[in-house]
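Fold and contact review
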Amino acid sequence: WREYCVLLNAKLNGVPVAENFRLEQSTIADTVPAGHVLVKTLYLSVDPYMRCRMNEDTGSDYLQPWQLSEVADGGGIGVVEESKHHNLAKGDFVTSFTWPWQTAAILDGGSLQKLVPQLVNGRLSYFLGAAGITGLTALLGIREKGHVAAGASQTMVVSGAAGACGSLAGQIGRLEGCSRVVGIAGTDEKCSILVQEMGFDAAINYKKGDVAKQLRELCPGGVDVYFDNVGGDISDTVISQMNQNSHIILCGQISQYNKDVPYPPPLPPDIEKIQKERNITRERFLVLNYMDKQEASVLQLCQWIQEGKLKVRETVVEGLANIGAAFQSMMNGGNIGKQIVSVSK
């Protein structure tokens with residue numbers, strides 16, 4: 001038998017809550033068809049982009065909406081328990097971007113990617129974060145859209161800096177050559193972790209004091225690269241202090257995901273005027289367009305993790321029954337680093 005999580009309801013505008021989801025049970029097929037595998041789910045990922053999947057129109061070509069009363073899905077990792085696929089054996093660890101939110105499943109072996117635990121020092125869940133799509137988004141976003149050059153004395157600002165992607169982006173910005181990295185986060189604890197653990201030069205708690213004033217003090221030479229995870233007022237403040245010919249890496253807009261607005265959301269007229277006058281690039285970044293660079297980039301991320309140059313934080317919730325609560329908490333900033341659900345050991 002299996003437990004699985006279905007989407008019950010969702011509002012176009014509004015904050016997702018745990019009650020949007022329900023845990024159900026059913027039996028699983030006795031036989032595994034040719035080319036398929038029976039897997040036990042170990043870890044599931046919950047991410048901000050999933051809020052878009054709760055809408056009939058996700059606002060994106062590459063994201064399919066979740067269907068009401070159907071099993072939700074996302075990034076996941078599991079172990080093969082029975083295989084009828086020529087390339088997979090019992091005991092193999094595998095991952096998929098469309099893993100069903102259930103404790104066990106029969107999946108098409110061709111849709112799965114085999115994992116090498118040694119690459120992440122045995123921390124399998126890292127393949128959903130720092131050594132997975134999250135790490136790729138941070139690394140390729142900086143390389144493809146950040147125009148970071150070693151020795152150029154560039155200052156990078158990261159919003160949503162204590163989240164899964166932001167906490168990696170700041171560190172990668174430094175590794176790629178930025179001379180100064182400043183994070184923006186929502187609690188003193190997060191700001192402290194960014195500076196003491198993650199190597200940020202400074203961090204601003206946007207819920208305290210004047211963000212624009214603090215930014216001016218911490219980035220006296222202006223901002224050259226902005227890794228934008230949040231959009232909204234915070235981003236408007238950062239953009240107003242960006243230099244001529246600077247670059248915005250448009251990773252996410254979490255402050256806007258609960259609203260029915262286009263993606264990426266348009267800037268207010270006064271901020272758009274600054275962007276144009278200063279020739280600031282702001283192009284939509286989609287990591288899936290750079291999958292030809294996936295293998296080399298994952299190996300780079302794993303090397304940094306093994307060398308201790310890339311520090312990884314996770315917020316882990318136990319049990320599939322708590323995945324709705326984990327999603328709600330992550331959307332409200334309750335996580336530090338990657339939000340993971342540990343389904344089974």
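Residues numbered from 1 in each chain as written. Predicted model: local features only at pLDDT ≥ 70, side-chain atom pairs only at ≥ 80, totals over all residues. Heavy atoms only, no water.

As annotated in an unreviewed UniProt entry, the protein carries the name Prostaglandin reductase 2 and comes from Taeniopygia guttata. As stated in UniProt under Subunit (unreviewed entry), the record for the protein gives "Monomer." Per its UniProt entry, the protein bears the Subcellular location (unreviewed entry) comment "Cytoplasm". (UniProt positions renumbered as here; feature names shortened; annotations may be inferred.)

1. Focus on the sheet that holds strand β13 (residues 281-284)
Spatial ordering of the open sheet is given by β10-β9-β8-β11-β12-β13, a layout of six strands whose pairing is parallel. Edge strands, defined here as strands with exactly one partner in the open sheet, are β10 (202-205) and β13. Ignoring strand direction, the axes of neighbouring strands in this sheet form an average angle of 20°. Here four bridges tie strand β9 (residues 180-185) to β10, and the two strands are oriented parallel to one another. What sits directly across from Val-182, in β10, is Ala-202. Its contacts with the sheet place helix α2 (residues 164-176) against β8 (155-159), β9 and β11 (223-228), and it is angled at close to 175° to β8. (Pairing = 2+ DSSP bridges. Helix = DSSP H or I, 4+ residues; strand = E, 2+ residues; numbered from the N terminus. Axes fitted to C-alpha atoms, helices over the stretch in contact; angles between N-to-C directions. Contact = heavy atoms within 4.5 Å.)

2. Describing the nonpolar core
One finds Ile-172 and Phe-227 to be the most contacted residues of the largest nonpolar core, which totals 47 residues. At the level of elements, β4 (73-83), α1 (133-146), β8, α2, β9, α3 (188-196), β11 and α7 (294-307) are the ones that each hand at least two residues to this core. Two domains each put at least three residues into this core: domain 1 (2-129 + 313-342) and domain 2 (150-288). Every residue in contact with Phe-227, bar those within four places of it in the chain, is listed here: Thr-137, Ala-138, Ile-142, Val-157, Val-158, Ser-159, Cys-165, Ala-169, Ile-249 and Cys-251. If you look at the next biggest cluster of nonpolar residues, it comprises 30 residues, including Cys-5, Leu-44, Leu-320 and Ala-326. (Core = buried A, V, L, I, M, F, W, Y, C linked by side-chain atoms within 4.5 Å. Buried < 20%, exposed > 50% of the residue type's maximum accessible area, 1.4 Å probe, protein only. Domains from an automatic or database assignment.)

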